[in-house]
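For reference, the chains in residue letters:
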Amino acid sequence: MHVTHPPESQSLATVFGGIMVEGRLAREQHFVEILLDRPRVILFLALAIVVVCAAGLAKVEKDPSVDAFVPSDHPASLARDEAMETFGLEDPIIVGLQADSDQTAFTPATLEALRRIVAGVRELDGVKKNDVISLASENAIRGDDGDLIVDPILEPGPLTPSSAELAWARFQSMPMLEGLLSSADGSMLIIIIPVEEPNDAYDTVQAISTLADAEVPEGVRAHVAGVAAMNARLSSMVDGDTRIFVPAAILVVFGILLAALRRPKALLGPLFIVAGSAGVAIGMMGWLGAHYYLITTALPVVIMAIAVADSLHISIFYLRERKKDERISAAEAVKAALAQTWLPVFLTSVTTIAAFFGMSFGAAMQPISEFGLFAALGVAAACALSLTVLPAILVLTDLKPSATGKSVAFERLIDKGISALTAGAFKRPAIALGCVIGLLAGLVALALQAEFDYERQRYFVANDTVRVADRAINAQLGGINFLDVVVKAPETGGLMHPEALNAIADLRQQLDSLPLVAKSTGIDDYIALMHGVLTGATDSRLPTAPRAPGQYMFLYEASSAPEDFKQEIDYDYTTALIRAQLSTDSYSQTLPTVRQLEGIVESWEARTGLTADISGRVAVNDGWMTQLSENHFRGLGLAIALVFLTTIFVFRSFAYAIFAMTPVVVGVVSVYAVMGAFNVDIAPATSMTAAIATGLGVDFGIHLISFIRERRADNASVLEAVSGAYTVVARACFYSAIALSFALSVVSLSSAPPLRWFGLLVAFGAFGSLLGALVVVPTLWAVVNRIQGKSNDVSMA
């Protein structure tokens, strides 16, 4: 946000404080004259540039998936890709057919519906037709006088009550399918549907939902969930949010500008700046091949909120100049307004850009990095358009101030409050500092409760269809959050030996003992079952004869299709999949499980000579969330460091930079305090808010300190510098915070709860910085003043 100085501000040379010299002022004035002499040319060129950049909007591609946050070379991502290629199981759509309470789904009608849905699903584009798994595709294994018999769980032909009972019995004879393809009590049947593109399956999910709803009999409800279904829902949310955010933000901006400028005609220039800066930033995303992620939906609103402040203050000072002297022309009023506003607009834009650059370069995740880069581009565009196109439009429209000049009672109330707060802080700095320290202590206590966490369900409101479906299926099955281990033998057929199978069974046993693991399955389950039905062995024992596993597989393939085990082991018996089902995918809860599994795998590999890679959606989520937690404060620290260095450059004073940055600490801690108080996760969307608040919050300190510095340069005492016109600057800061907060409030219209918090957290950060600036800045001046032993005199130059 950008705040400018009141008419009492000094000359540009004084405002620069040594940053620019008098010789450059003449060149700048000459540039303004050229600018105002050719307003139509400036407007035409700017319009052409904006149109060309905005044309890239058509090229922007959506990517709402979580995988966008995971580097393609991350070990968990590589293992996931290999598992998907080998076993075809990763991130499926999951359909649950749930019977009414106290009813079974093992009825002819429900089983027939299952079969019809499976047949229909296999006809859909985007579905891996041969990898669809359900009771309709699975077999039951039994023995008969030493022979291995393989029966389909669902008998071919029309289903009857007796065949439904037979299906139930056969299902119960296959314990590895319990909790995977049906609930233990038989009240829910499951269809697992792998798709070609789990991150782009919206049409497929819609078709499956329509098919399932049409086929289920009375008394049965179809639930459609799974990672691919949730990604599809997120994709629709991105579309919906974008269609809501931009118009809503424009309406809010329109209202703010109308309330501040009081003339519909005065809105032409600011609205062009707001729309143009957002169009340039988002359009360039398309031209440069960047993707539009879930968190990117907030980007246009952020840019528009910042652009409002740029254009608003220039317009306000222009109208004030024309109101002071009705005889001056529009061009003369623009010159006077720019003399007082262009430098604050430029400098605060630079500090905001520095914060976004720090956030971008400190982020290890591409969506956050791109957000920072294109936000910086949008801020730069807003600054450039405000300083060139807005003056041109003001001249062309010959805008005059409103006829009414009544002072608003609310403004007088704000001025009184600011004056009282400033005077109290200056006169009683010890008390003010004590209050600030006490406030910070309370905020820090709350901030320490904020945690890094991610749970896919939390991206949806409680009654969202996909969240309801996910919750229902998880409740019935004990968990559909998959944590996988891909096991490899060094040679072909190496896993069809008793030693290897016992090693897999041992690894599974350790995996089953970990927290949150509901169950696990692997090829050893099937070999043990075949060994039992052929030899009468009990307790799921594995064979000890060297050739027995291979012979069992040969017998099975003689009775059924060889691809029945393609989800458990490859055709060369070199790579096998162990799949564990967890009751939750919450990062904070699964973190201990994944870490323990990593230790188990490392020890197991050294002991067995086999290799194992951890994979599955839970592992992938763990990978990118761990990366976020490890890099989050580095990115925030880089943003703060760049803003601090920029502030030193602005003031050419280390002490002034400290003064300006101190209120930012209050703002940043406020962000984390709200997260801790309201149990808001530090996740991708919310992780950016502190860095953004840093760039926006430092502006308050810059403008208040700039004004005090100017007054001190005119030999005013410190007490005089923090009174009088100082209140006007402080009020402008307050209105800027209001404008930013109202503009960002439209993000709370998002259908994704984390994005709803995004705007609120930035607003809390901005107001925290504003409060810090209003209290800390006069307090610090008073403290230094007293330390130097001068009642009303202190030099910080």
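Residues numbered from 1 in each chain as written. Predicted model: local features only at pLDDT ≥ 70, side-chain atom pairs only at ≥ 80, totals over all residues. Heavy atoms only, no water.

(A) Up close: the overall build of the protein chain. On a plain count of helices and strands, the protein chain comes out with 26 helices and 11 strands. Principal axes of the C-alpha set define a box for the protein chain whose edges measure 110 × 55 × 45 Å. Per-residue burial over the protein chain gives 59% buried out of 797 residues. For the protein chain, contacts bridging at least 24 residues in sequence account for 80% of all contacts bridging at least 6. When the accessible surface of the protein chain is split by element, carbon and sulfur atoms take 59% of a total near 31,000 Å². (Helix = DSSP H or I, 4+ residues; strand = E, 2+ residues; numbered from the N terminus. Buried < 20%, exposed > 50% of the residue type's maximum accessible area, 1.4 Å probe, protein only. Contact = heavy atoms within 4.5 Å. Areas by Shrake-Rupley, 256 points an atom, 1.4 Å probe, with all protein chains shown as cover.)

(B) Examining empty space enclosed by the protein more closely. Enumeration over the complete set of coordinates arrives at seven cavities of 30 Å³ or more. Taken as a whole, the largest cavity encloses approximately 200 Å³ of empty space. Along the walls of the largest cavity sit 16 residues, with L89, L180, T521, Q567 and E568 positioned nearest its centre. At three residues, the largest contribution of residues to the lining of the largest cavity is made by strand β10 (residues 575-582). The residue inventory of the lining of the largest cavity, partitioned by class, reads 10 nonpolar, two polar and four charged. Size it by volume and the second largest cavity reaches roughly 150 Å³. Lining the second largest cavity are 15 residues, and of these A363, I368, N631, H632 and G635 lie nearest its centre. (1 Å grid on protein atoms, 1.4 Å probe; cavity = no way out; pocket = protein on both sides within 12 Å on 5 of 7 lines; lining within 4 Å. Points joined across faces, edges and corners; volume = space filled by probe spheres on them. Nonpolar A, V, L, I, M, F, W, Y, C, P; charged D, E, K, R; others polar.)

(C) Region of the structure containing a negative patch on the surface. Taken together, the side chains of E196, E197, D200 and D203 make up a negatively charged region of the molecular surface. In this structure, D203 sits in helix α7 (residues 202-215). (Patch = residues over 30% accessible without salt bridge, like charges linked within 9 Å, V, L, I, M, F, W, Y side chains within 5 Å. Salt bridge = Lys/Arg side-chain N within 4 Å of Asp/Glu carboxyl O. Lys, Arg positive; Asp, Glu negative; His and termini not counted. Charge placed at Lys NZ, Arg CZ, Asp CG, Glu CD.)

(D) Highlighting the sheet that holds strand β11 (residues 611-615). Taken in spatial order, the four strands line up as β9-β10-β8-β11 in an open sheet, and their pairing is antiparallel. With partners counted over all chains shown, the strands left at the sheet margins are β9 (517-521) and β11, one partner each. Across the sheet, the axes of successive neighbouring strands diverge by a mean angle of 20 degrees, strand direction being ignored. The pairing of strand β8 (residues 481-488) with β10 spans eight bridges and is classified as antiparallel. Each residue of the ladder has a partner; that of V487, found in β10, is A576. (Pairing = 2+ DSSP bridges. Axes fitted to C-alpha atoms, helices over the stretch in contact; angles between N-to-C directions.)

(E) Spatial organisation of the sheet that holds strand β2 (residues 93-99). The three strands are arranged β5-β2-β6 in an open sheet whose pairing can be described as antiparallel. The sheet is open, and its two borders are formed by β5 (188-193) and β6 (220-225), each paired with just one other strand. Each adjacent strand pair in this sheet contributes to an overall mean axis angle of 15 degrees, direction not counted. The sheet contacts of α7 involve β2, β5 and β6, and relative to β2 the element is tilted by about 15 degrees. Contacting β2, β5 and β6, helix α15 (residues 465-477) crosses the sheet at an angle of about 105 degrees to β6.

(F) The arrangement of the side chain of S750 in detail. Position of S750 relative to the elements: it lies in the loop between α25 (726-744) and α26 (753-787). A distance of 2.7 Å separates the side chain of S750 from the side chain of D241, its partner in a polar contact. Residues within four places of S750 in sequence aside, it is in contact with D241, F245, L755 and R756. (Polar contact = N/O pair within 3.5 Å; in protein donor to acceptor, adjacent residues only side chain to side chain.)

(G) Representation of the nonpolar core. If you look at the biggest cluster of nonpolar residues, it comprises 274 residues, and the most contacted ones within it are F356, F371, I523 and M530. It is helix α12 (residues 366-397) that provides the largest number of residues to this core, a total of 16 residues. Excluding residues within four positions of it along the chain, I523 makes contact with M496, L501, I504, F565, E568, I569 and A576. (Core = buried A, V, L, I, M, F, W, Y, C linked by side-chain atoms within 4.5 Å.)

(H) Inspection of the packing of aromatic side chains at higher detail. Applying the stated criterion across every chain, the model contains 19 aromatic pairs. Ring centres of F651 and Y656 lie 5.6 Å apart, and the angle between their planes is 45 degrees; this geometry places the pair in the tilted category. We classify Y656 as buried; its relative accessible area is 2%. Ring centres 5.6 Å apart and planes at 40 degrees place the aromatic pair F678 and W757 in the tilted group. (Phe/Tyr/Trp six-rings, centres within 6.5 Å; stacked < 30°, edge-to-face > 60°.)

(I) Representation of the pattern of salt bridges within the structure. Per the counting criterion, the structure on display carries 23 salt bridges. The partner of E155 in a salt bridge is R170, with the nearest N and O atoms 2.4 Å apart. A residue pair is termed long-range when its members are at least 10 positions apart, and E155 in the loop between β4 (147-152) and α6 (161-172) and R170 in helix α6 qualify at 15 residues. On the accessibility criterion, R170 (13% relative accessible area) is buried.

(J) Representation of the confidence of the model for the protein chain in the model. With 94% of its residues at a pLDDT of at least 70, the protein chain reaches an overall mean of 87. Every residue in residues 1-24 scores below 50 in pLDDT, and together they form 83 contacts with partners more than four places removed in sequence or on other chains. Low pLDDT, under 50, characterises residues 791-797; the predicted model gives this stretch 25 contacts beyond four residues in sequence or across chains. (pLDDT = per-residue confidence, 0-100.)

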